[in-house]
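What follows is each chain in one-letter form.
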Amino acid sequence: MKLIKVDFCLDWPGSIEVINLRKYVISHLIKKGEVIRWSIIDIENSKDSYDIKKLRINAVLAN
């Protein structure tokens, strides 16, 4: 098993409620590998759109 550390930004649209945020993040992470652990490092307001926030995600994935 090979572990991969991933650090990336993900757009959080206003249509995704906080209660559904975990499912939304994991659905994007699962495309890259099996999720071992993940966390939100930072949240910023998008400069392009008022209702979109930028999430900075740090994760460890298994391949």
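In this report, the structure presented in the accompanying data block is examined. What you are looking at is a predicted structure, and each value in this text was computed from that prediction instead of being measured.

Each value, and the rule that gives it
Residues numbered from 1 in each chain as written. Predicted model: local features only at pLDDT ≥ 70, side-chain atom pairs only at ≥ 80, totals over all residues. Heavy atoms only, no water. Helix = DSSP H or I, 4+ residues; strand = E, 2+ residues; numbered from the N terminus. Buried < 20%, exposed > 50% of the residue type's maximum accessible area, 1.4 Å probe, protein only. Contact = heavy atoms within 4.5 Å. Areas by Shrake-Rupley, 256 points an atom, 1.4 Å probe, with all protein chains shown as cover. Lys, Arg positive; Asp, Glu negative; His and termini not counted. Charge placed at Lys NZ, Arg CZ, Asp CG, Glu CD. Pairing = 2+ DSSP bridges. Axes fitted to C-alpha atoms, helices over the stretch in contact; angles between N-to-C directions.

1. Comments concerning the overall build of the chain
Part 1: Helix and strand counts for the chain come out as 1 helix and 3 strands.
Part 2: Along the chain, helices and strands appear, N-terminal first, in the series β-α-β-β.
Part 3: Oriented by its inertia axes, the alpha-carbon framework of the chain measures out at about 40 × 20 × 15 Å.
Part 4: Put simply, the chain has 63 residues, and 27% of those count as buried.
Part 5: Partitioning the contacts of the chain with sequence separation of at least 6, the portion at a separation of at least 24 is 60%.
Part 6: Summed over all atoms, the accessible surface of the chain reaches about 4700 Å², with 53% contributed by carbon and sulfur.
Part 7: One finds the centroid of the 11 positive side-chain charges in the chain at a distance of 7 Å from the centroid of its 8 negative side-chain charges.

2. Regarding the side chain of Asn58
Part 1: Along the polypeptide, Asn58 turns up in strand 3 (residues 52-62).
Part 2: A residue is classified by how much of its surface remains accessible, and Asn58, at 13% relative accessible area, is buried.
Part 3: Leaving out residues up to four positions away in the same chain, Asn58 has contacts with Lys5, Val6, Asp7, Arg37, Trp38, Ser39 and Ile41.

3. Some points on the sheet that holds strand 1 (residues 3-13)
Part 1: A sheet is described by the order of its strands in space; here 3 strands give the open sequence 1-3-2, paired in antiparallel fashion. At either end of the open sheet lies a strand with only one pairing partner, and these are strand 1 and strand 2 (34-45). The sheet shows a mean angle of 20° between the axes of neighbouring strands, taken without regard to direction.
Part 2: Bridge analysis of strand 2 against strand 3 gives 10 bridges, and the strand direction is antiparallel.

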